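# Structural overview for review
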Amino acid sequence: MEENCRSSRRMIAVLVLSLALFAASCSSSGENDLSDGTSTVPPTVNTSSPPDDSPIQGVLGASPGVLEDRVVFGQSAAFSGPAKDLGNGMRLGIEAAFEEVNQSGGVHGRRLELVSFDDAYEPEAAIDNTLQLINSGGVFALIGAVGTPTSRSAVPVATAGEIPYLAPFTGAAFLRDPQQTIVFNLRASYNQETEEMVDRLVTELGIERIAVMYQDDSFGQAGYNGARAALDRRGMEAVSVGLYQRNTTAVKTGLLDLKQGDPQGVIVIGAYQPVAWLIRWARETGMDAVFVAISFVGSNALAQELGPDGAGVLTTQVVPFPTDASVSVVSSYLDALAAYHSQAVPGFVSLEGYLAGRLAIAGLESCGRTVDRECFSDRFASSEPIDIDGFVMNFGEDDNQGSDQVFWTMIDENGDYRPLSDWQVMAP
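The model shown is predicted, which means the values in this text are computed figures rather than measured ones.

Another point: the sheet that holds strand β5 (residues 183–184). Ordered in space as β2-β1-β3-β4-β5, the 5 strands form an open sheet in which the pairing is parallel. Looking at the sheet topology across the chains shown, the edges are occupied by β2 (111–118) and β5. In the sheet, strand β1 (residues 70–77) pairs with strand β3 (residues 141–143) via 2 bridges, with the strands oriented parallel. In the sheet register, Phe-73 faces β3, and the bridge partner there is Ala-141.

This is how it looks when you write it as structure tokens:
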């Protein structure tokens with residue numbers, strides 16, 4: 001009965017966009033954690049209130065969210081709960097990119113603003129937030145959503161309203177379907193990450209017994225499907241599979257299931273808190289396996305949770321190493337982050353948020369002063385590359401994903417992440 005009620009609510013949300021549904025918990029998070037490991041509020045952090053100007057008070061004939069002096073973007077993401085560092089990191093990076101361009105006069109004379117609502121990584125809240133951002137907030141586009149289950153619920157709402165849905169923090173395959181004409185992905189897919197995981201475990205480490213632990217929802221299933229397909233291509237199958245529930249750290253039953261297969265390597269599809277609990281319990285019980293986490297885990301937060309206990313844990317990434325200033329786009333990110341929030345700790349999530357903000361800027365710049373959603377979306381249907389300080393993204397008519405890059409990192413004996421370029425360090 002509960003599931004039927006939820007399904008009905010989703011259908012209503014999509015079909016009745018004219019209703020302004022207000023979520024009780026749609027306000028911006030009361031948490032102060034706005035970066036990967038920092039806990040200081042930057043001086044210009046957005047409040048939960050929609051912009052004072054309604055779409056009617058904006059530029060005549062322009063899309064909602066386009067005003068004489070600014071363009072307003074909306075974000076529904078987790079700013080509370082076990083995944084809060086992901087939402088906070090994405091918001092920090094986007095705002096750093098927006099502030100960077102604002103300090104230079106904005107985009108064609110307009111400042112960029114971000115209105116962020118907390119969905120606590122829950123699909124129902126994501127629906128309510130998306131409706132409020134579209135109907136009451138009058139935002140131009142949605143940016144930096146966090147998660148597969150939340151995006152699965154919010155995208156139909158955005159599609160019905162023909163609102164661009166830019167750079168969600170998820171690699172789910174359904175968002176990469178050419179039919180998703182309002183979705184524009186920045187990052188490599190979970191299929192690409194899990195293919196890389198299986199390939200390296202097998203070819204570099206000689207591992208033959210691979211298990212999978214995943215969050216029991218659409219996000220976990222997306223990652224599991226990718227891992228299973230990668231194993232299938234090699235005539236292999238998972239020796240054991242474990243599950244845990246979203247927004248919990250209830251991993252012990254899943255760990256017992258994993259141990260049944262006596263794995264040499266474990267692919268983990270989850271967020272940082274439950275993944276940290278899993279790894280700690282596994283090692284406490286004597287399970288000697290290589291753990292590989294997918295990028296969504298929130299790497300800086302995972303390393304902080306595990307400390308030195310995380311030594312040897314691998315993670316795939318979809319952006320370059322966030323402190324490597326020799327990479328042009330990272331250098332730009334570090335400058336923007338320091339200027340926006342001097343105490344912020346650089347991290348993979350906020351770097352992805354920065355790239356998302358820069359991607360939005362590129363879309364606006366291509367439209368000139370007369371900007372609307374159609375022109376903005378058309379930029380991402382073009383085959384012309386988007387080069388953000390050397391981080392090149394290629395979109396196309398049937399390709400709504402900009403980057404295919406996957407990077408490798410590991411936690412060292414000090415509990416810090418470092419790039420992994422030499423697999424000999426992982427040799428037994």
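On to the pairing of β1, then. The buried fraction of β1 amounts to 8 of the 8 residues, a majority that puts the element mostly inside the structure. With 8 bridges joining them, β1 and β2 adopt parallel strand pairing. Looking across to β2, one finds that Val-71 is bridged to Leu-112. Once the chain exits β1 it traverses helix α2 (residues 84–102) before rejoining the sheet at β2, and the crossover so formed is right-handed.

What follows is about the side chain of Ser-299. Structurally, Ser-299 can be placed in helix α9 (residues 299–306). A residue is classified by how much of its surface remains accessible, and Ser-299, at 1% relative accessible area, is buried. Of the polar contacts made by the side chain of Ser-299, one reaches the side chain of Gln-317; its length is 2.7 Å. The contact partners of Ser-299, leaving out residues within four places of it in the chain, are Thr-315, Gln-317, Phe-348 and Tyr-417.

Pairing is mixed in the open sheet, where 7 strands are placed in the order β7-β6-β8-β9-β10-β13-β14. Looking at which strands have only one partner, the edges of the open sheet turn out to be β7 (241–244) and β14 (417–419). Geometrically, the sheet is characterised by an average inter-axis angle of 25° between neighbouring strands, direction not taken into account. The pairing of strand β6 (residues 210–215) with strand β8 (residues 265–269) spans 5 bridges and is parallel. From the neighbouring strand, Val-212 faces β8, where its bridge partner is Ile-267.

So, about helix α4 (residues 148–161). Given a rise of 1.5 Å per residue, 14 residues ought to cover 20 Å, and the 20 Å separating the end C-alpha atoms of α4 matches this to within 8%. Among the residues trailing α4, Glu-162 stands out with phi positive, at a value near 55°.

Definitions and limits used
Residues numbered from 1 in each chain as written. Predicted model: local features only at pLDDT ≥ 70, side-chain atom pairs only at ≥ 80, totals over all residues. Heavy atoms only, no water. Pairing = 2+ DSSP bridges. Helix = DSSP H or I, 4+ residues; strand = E, 2+ residues; numbered from the N terminus. Buried < 20%, exposed > 50% of the residue type's maximum accessible area, 1.4 Å probe, protein only. Right-handed = clockwise from strand over helix to strand, strands pointing away. Polar contact = N/O pair within 3.5 Å; in protein donor to acceptor, adjacent residues only side chain to side chain. Contact = heavy atoms within 4.5 Å. Axes fitted to C-alpha atoms, helices over the stretch in contact; angles between N-to-C directions. Expected span 1.5 Å × (residues − 1).

That's the geometry; what it means functionally is another story.
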